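Take a look at the letters that make up each chain.
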Amino acid sequence: MLTVTKIPNHVAIKIALELKKLLVDNSLLDVLCISQSDLEANLFKLMEKRGYGEDYINRYKMMTRFHHQRVPLVILVCGTACTGKSTIATQLAQRLNLPNVLQTDMVYELLRTSTDAPLTSVPVWARDFNSPEELITEFCRECRVVRKGLAGDLKKAMKDGKPIIIEGIHLDPSIYLMDEEKREDNSRLEKTVPDSENPGSSVERKTEHQSRNGLTENRISPTKEDGYFVKSKECTLEEGVSESHETSTHDSAHSQEKNPKDESDGHKDLGQPKNNTAKKDKPAAEPIVVPIVLKMSDFDHKALLEEWIATRAFRDNCLPQDHRKLINNLKLIQDYLCSFESQGLTIVDISANSFPQTLDWLHSYLLQCIERGLLAACNQGGN
């Protein structure tokens, strides 16, 4: 938790050891002997003693609330080959203490080898296409297939309130941008359907009601200073509407199974529907979804790609010999991903010379996104 607040690792270890010594000296090492507030008060004093004052303490409190409220967090690290996606994702997971990192390459291979998914062993950027548009169309199609393969992990993360980082080339930002429009259109249609006629849509109608009151939307308009891009749950899950229907249908079927018992038992279970209603009316925390695209300068990227492709070509006989065509295809995909910058997507320039600084900036950026999302979740709960 201390390193999450951007305290250097070696200092965080010293503070933790000092806190332990303090507890031992005062015979407070047993958890039952000290309250959480007293424990944090002692910790904050040690932090201030080492020069990590108000800003770091506020971050600590913010991240404590974030974990206690179990607000789902989904970080999408997009980009083509050799832009540092895996390295960035791993480093951010360590810094933010996030245990779950998924790679779309692994999902792609599992779908290709273990299911009937329409995926091939030759990467999309290594195939022949008649036009750039045809390449991008096929790339987007494969991204949608991989997105369906990620549905279970994403649904579990949303349900359990667990953070997750997804990285890889098969992440198409348009999927998440288009879901917002889809959700809004579905909400408009559902306005005309009474609750009594469509009990399975109560979850979506509640979401639409919250959206009208400014509670669901958690998107931050890009500015010159930040360019934040934080989106809510319905804007990020391609199957969000269908998943909501599945949950609602399950609840509805469960209620129908219990209704005969309720009728036969009479007043015995009279209080039970009230409890169920209370649980259903309690809004779930809206997830924080942060997509970013990693980009490298053309000169550096080309040099890394040539070395990477040469290694893969030696290992995989399926790659063509014309490396220039492969690099051009990857460049087209990169340009497509970066085209969403005008819609608020964050583009991060990666360079070997400034990698530590970039990682540090991403750490701060994600903390700010978490803070904004947490405030939105708190406002939603308060209302």
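Note that the structure is predicted; figures quoted are calculated from it, not measured.

Another aspect to go through is the overall build of the protein. Scanning the protein from N- to C-terminus turns up 15 helices and five strands. Within the protein, the fraction of its 383 residues that count as buried is 43%. A total of about 20800 Å² of accessible surface is found on the protein, and carbon and sulfur atoms cover 52% of it.

Before going further, it helps to spend a moment on the pairing of strand β5 (residues 346-350). Where burial is concerned, most of β5 is hidden: four out of the five residues are buried. Here strand β4 (residues 288-296) pairs with β5 via five bridges, running parallel. Residue pairing across strands places Val293 opposite Ile347, the latter belonging to β5.

On to the packing of helix α2 (residues 36-49) against helix α3 (residues 54-68). Packing of α2 against α3 brings their axes to within 10 Å, and their N-to-C directions diverge by 145°. Classified by chirality, the crossing of α3 by α2 is right-handed. Facing Glu40, Leu43, Phe44, Met47 and Glu48 of α2, the residues of α3 in contact are Tyr56, Ile57, Tyr60, Lys61 and Thr64. Among the residues forming the contact of α2 with α3, the class breakdown is six nonpolar, one polar and three charged.

Further remarks concern the sheet that holds β5. The strands making up a sheet associate through backbone hydrogen bonding, with each pair oriented either parallel or antiparallel. Read from one edge of the open sheet, five strands run β2-β3-β1-β4-β5, paired in parallel fashion. Of all the strands in the sheet, just β2 (101-103) and β5 have a single pairing partner and so form its edges. The average undirected angle you get between the axes of adjacent strands in this sheet is 25°. Taken strand by strand, helix α5 (residues 104-114) contacts β2 and β3 (163-167), and its axis lies near 50° from that of β2.

Turning our eyes to something else, we now look at the nonpolar core. Grouped together as the largest cluster of nonpolar side chains are 42 residues, with contacts concentrated most on Val74, Trp125, Phe139, Ile166 and Ile333. Among the secondary structure elements, those contributing two or more residues to this core are β1 (73-78), α5, α6 (132-149), α7 (151-160), β3, β4, α13 (298-315) and α14 (323-338). Core analysis: the next-biggest nonpolar cluster, separate from the first, contains 31 residues, Leu73, Ile75, Leu96 and Leu359 among them.

Okay, the state of the cysteines next. In this structure the tally under the stated criterion is zero disulfides. Cys143 provides the cysteine sulfur closest to Cys78, a residue in no disulfide bond, and the two sulfurs are 8.6 Å apart.

Attention now goes to the confidence of the model for the protein. Residue-level pLDDT values for the protein average 77, and 68% of them are 70 or greater. For the protein, the element scoring lowest by mean pLDDT is helix α10 (residues 233-236), at 39; α6 scores highest, at 96. Across residues 193-283, confidence stays below pLDDT 50; counting only partners more than four residues off in sequence or on other chains, it has 131 contacts.

Our next topic: unusual backbone geometry. Glycine aside, residues mostly have negative phi, and peptide bonds are mostly found in the trans state. With a phi angle near 85°, Lys6 is a residue other than glycine that sits in the positive phi range. Structurally, the position occupied by Lys6 is in the segment before α1 (9-25). Positive phi, close to 55°, is recorded for Ser27, a residue that is not glycine. The residue Ser27 is located in the loop between α1 and α2 in this model.

A few words on α1. The periodicity of an α-helix, 3.6 residues per turn, causes residues three or four positions apart to be oriented the same way. With 17 residues, α1 extends 24 Å from end C-alpha to end C-alpha; this agrees with the ideal 24 Å at 1.5 Å per step. Where α1 is concerned, the buried positions are Val11, Ala12, Ile15, Leu19 and Leu23. Projection of α1 onto a plane perpendicular to its axis shows the buried side chains occupying an angular sector of 115°, all on one side. Away from the buried face of α1 by more than 90 degrees, exposed residues His10, Leu17, Lys21 and Asp25 are located.

Before going further, it helps to examine the side chain of Asp172. Mapped onto the elements of the fold, Asp172 is located in the loop between β3 and α8 (173-190). It is Arg144 that comes nearest to the buried, bridge-free Asp172 among opposite-charge side chains, at 5.4 Å. Residues in contact with Asp172, not counting those within four places in the same chain, are Cys140, Cys143, Tyr336 and Phe340.

Once that is clear, we can look at the packing of α6 against α14. Running from N to C, α6 and α14 cross one another at 70°; their axes reach a closest spacing of 10 Å. Comparing the axis directions of α6 and α14 gives the class roughly perpendicular. Seen from above, α6 lies across α14 with right-handed handedness. On the side of α6, the interface is formed by Pro132, Leu135, Ile136, Phe139 and Cys140, while α14 contributes Asn329, Leu332, Ile333, Tyr336 and Leu337.

Okay, the environment of Met158 next. Mapped onto the fold, Met158 is located in helix α7. Each C-alpha atom of the pair Met158 and Val74 lies 8.9 Å from the other, and the pair is 84 residues apart in sequence.

So, on to the pattern of salt bridges. Here the structure, examined in full by the defined rule, presents 11 salt bridges. Measuring nitrogen to oxygen at the nearest pair gives 2.8 Å for the salt bridge that ties Glu109 to Arg112. In this pair, Glu109 and Arg112 are both assigned in helix α5, three residues apart and thus about one turn of the helix distant. Given a relative accessible area of 34%, Glu109 falls into the partly exposed group. According to the relative accessible area criterion, Arg112 is partly exposed, its value standing at 27%. Here Asp160 and Lys156 are joined by a salt bridge, their closest N and O atoms 3.0 Å apart. Linking Asp160 with Lys156, this pair stays in helix α7, spanning four residues, or about one helical turn. A single salt-bridge network, built from bridges that share partners, covers Arg127, Glu138, Arg141 and Glu142.

Reading the values: rules and limits
- Residues numbered from 1 in each chain as written.
- Predicted model: local features only at pLDDT ≥ 70, side-chain atom pairs only at ≥ 80, totals over all residues.
- Heavy atoms only, no water.
- Helix = DSSP H or I, 4+ residues; strand = E, 2+ residues; numbered from the N terminus.
- Buried < 20%, exposed > 50% of the residue type's maximum accessible area, 1.4 Å probe, protein only.
- Areas by Shrake-Rupley, 256 points an atom, 1.4 Å probe, with all protein chains shown as cover.
- Pairing = 2+ DSSP bridges.
- Axes fitted to C-alpha atoms, helices over the stretch in contact; angles between N-to-C directions.
- Left-handed = near helix turned anticlockwise from the far one by under 90°.
- Contact = heavy atoms within 4.5 Å.
- Nonpolar A, V, L, I, M, F, W, Y, C, P; charged D, E, K, R; others polar.
- Core = buried A, V, L, I, M, F, W, Y, C linked by side-chain atoms within 4.5 Å.
- Disulfide = S-S within 2.5 Å.
- pLDDT = per-residue confidence, 0-100.
- Expected span 1.5 Å × (residues − 1).
- Arc of directions from axis to C-beta.
- Lys, Arg positive; Asp, Glu negative; His and termini not counted.
- Salt bridge = Lys/Arg side-chain N within 4 Å of Asp/Glu carboxyl O.
- Parallel < 35°, antiparallel > 145°, perpendicular 65-115°, else oblique.

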